[in-house]
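Residue-level structure breakdown
Residues per chain, in single letters:
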Amino acid sequence: MRIRRYIESDKERLRYICKITAGPDFQKSEKRLEAAAIIYNDYFTENEADNIFVLADDNDEAVGYILSSTDYDKYRRLNKSIYLKKSAKCGFFAVLCITGSLYALSKIKDRPAHLHIDILPQYQHKGWGRVLIDAECENLKGKNIEYLSVNNISRKSPAYPFYISYGFREYRHLVGNNYSLSIRLRKV
């Protein structure tokens, strides 16, 4: 197992991992699974590939990844003009999800660098999530990014204690039981 930078030939594998690890609301149909890949993967692989790290197995096949966006204006503009339209073909649920993501990000404009991380179930709970976040944090520090956030994390989610133990802290309450969590990468 190793962590490496994303290469273009990883794209379909990352979409697959995104679909396999998508939450139960996305698992209800193929259209919803496609929406998950559009919303939580395609923008990043198509526009900010330099912010993606892959967990690769011994055959160099991706089994997990972390990706992030560091350009709020570009993320917002392209999601509204391209990815909202693509996800709309997958149904109203997809539109709600992408709109919710854009809303969450609008609440943290001062900390716009945000991540998504997915690891196939058989590779979870082995420390790889921490290693992926380490790689992303080092990458973003090199770009003078001050904070990294993760959005729409419920306090009831199994991911919540993972992020807190890593050093993320609640930054903004979003809606219901969902929060934006942030970690400081560098001192100003």
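Model, not experiment: these values are computed from the prediction. (Residues numbered from 1 in each chain as written. Predicted model: local features only at pLDDT ≥ 70, side-chain atom pairs only at ≥ 80, totals over all residues. Heavy atoms only, no water.)

**Topic: unusual backbone geometry**
The phi angle at asparagine 144 is positive, at roughly 60°, despite the residue not being glycine. Within the fold, asparagine 144 resides in the loop between helix H5 (128–141) and strand E5 (147–154). A positive phi angle is found at asparagine 152, which is not glycine, with a value near 60°. The topology assignment puts asparagine 152 in strand E5. (Helix = DSSP H or I, 4+ residues; strand = E, 2+ residues; numbered from the N terminus.)

**A few points about the packing of aromatic side chains**
Counted under the stated rule, the structure contains 8 aromatic pairs. With a centroid separation of 4.9 Å and 85° between ring planes, the pair formed by tyrosine 43 and tyrosine 75 is classed as edge-to-face. In this pair, tyrosine 43 sits in helix H2 (residues 30–47) while tyrosine 75 sits in helix H3 (residues 72–88), placing the two residues 32 residues apart along the sequence. With respect to burial, tyrosine 43 and tyrosine 75 carry one shared label: buried. Arranged with centres 5.3 Å apart and planes meeting at 75°, the rings of tyrosine 163 and phenylalanine 168 form a pair that is edge-to-face. In terms of burial, tyrosine 163 and phenylalanine 168 fall into one category: buried. Put simply, the rings of Tyr43, Phe44, Tyr75 and Tyr83 pair up and form one aromatic cluster. (Phe/Tyr/Trp six-rings, centres within 6.5 Å; stacked < 30°, edge-to-face > 60°. Buried < 20%, exposed > 50% of the residue type's maximum accessible area, 1.4 Å probe, protein only.)

**Let's talk about the packing of H5 against helix H6 (residues 159–166)**
Two elements in contact, H5 and H6, have axes separated by 11 Å at closest approach and are oriented at 50°. By the angle between their axes, H5 is oblique relative to H6. Handedness of the crossing formed by H5 with H6: right-handed. Packed against H5, whose contacting residues are Gly129, Arg130, Ile133, Asp134 and Cys137, the element H6 presents Phe162, Tyr163, Ser165 and Tyr166 at the interface. Looking at the contact of H5 with H6 residue by residue, the classes come out as 5 nonpolar, 2 polar and 2 charged. (Axes fitted to C-alpha atoms, helices over the stretch in contact; angles between N-to-C directions. Parallel < 35°, antiparallel > 145°, perpendicular 65-115°, else oblique. Left-handed = near helix turned anticlockwise from the far one by under 90°. Contact = heavy atoms within 4.5 Å. Nonpolar A, V, L, I, M, F, W, Y, C, P; charged D, E, K, R; others polar.)

**Notes on H2**
In a regular helix each residue adds 1.5 Å, so 18 residues correspond to 26 Å; H2 covers 25 Å between its end C-alpha atoms and thus fits that length. The sharpest bend along H2 measures roughly 45° and falls at asparagine 41. What H2 keeps buried is the set Leu33, Ala35, Ala36, Ala37, Ile38, Ile39, Tyr40, Asn41, Asp42, Tyr43, Phe44 and Thr45. (Expected span 1.5 Å × (residues − 1). Bend = angle between axes of the 7 residues up to and from the residue.)

**Looking at the packing of H2 against H3**
Taken N-terminus to C-terminus, the directions of H2 and H3 make an angle of 125°; their axes are 10 Å apart at the nearest point. Here H2 is positioned oblique relative to H3, judged by the angle of their axes. As H2 runs across H3, the sense of the crossing is right-handed. Here H2 contributes Ile38, Ile39, Asp42, Tyr43, Phe44, Glu46 and Asn47 to the contact with H3, which in turn contributes Lys74, Tyr75, Leu78, Asn79, Tyr83, Lys86 and Ser87. Broken down by class, the residue content of the contact of H2 with H3 amounts to 7 nonpolar, 3 polar and 4 charged.

**Some details on H3**
Note on helix geometry: an α-helix contains 3.6 residues per turn, so any two residues three or four positions apart are oriented the same way. At asparagine 79, H3 is deflected by roughly 50°, the largest bend along its length. Buried residues of H3: Tyr72, Tyr75, Leu78, Asn79, Tyr83 and Ser87, and no others. For H3, the N-terminal cap is aspartate 71; the gap from its side-chain oxygen to the backbone nitrogen of aspartate 73 is 3.3 Å. (Polar contact = N/O pair within 3.5 Å; in protein donor to acceptor, adjacent residues only side chain to side chain.)

**Description of the pattern of salt bridges**
Scanning the entire structure with this criterion turns up 14 salt bridges. Taking the shortest distance from any N to any O, the salt bridge between aspartate 10 and arginine 4 comes out at 2.8 Å. Classification of aspartate 10 by relative accessible area gives buried; the value is 5%. The residue lysine 11 makes a salt bridge to glutamate 46 at a minimum N-O spacing of 2.5 Å. Taken together, the positions of lysine 11 in helix H1 (residues 11–21) and glutamate 46 in helix H2 put the pair 35 residues apart, joining distant regions of the chain. Bridged by salt links that share partners, the residues Arg2, Arg4, Asp10 and Asp60 form one connected network. (Salt bridge = Lys/Arg side-chain N within 4 Å of Asp/Glu carboxyl O.)

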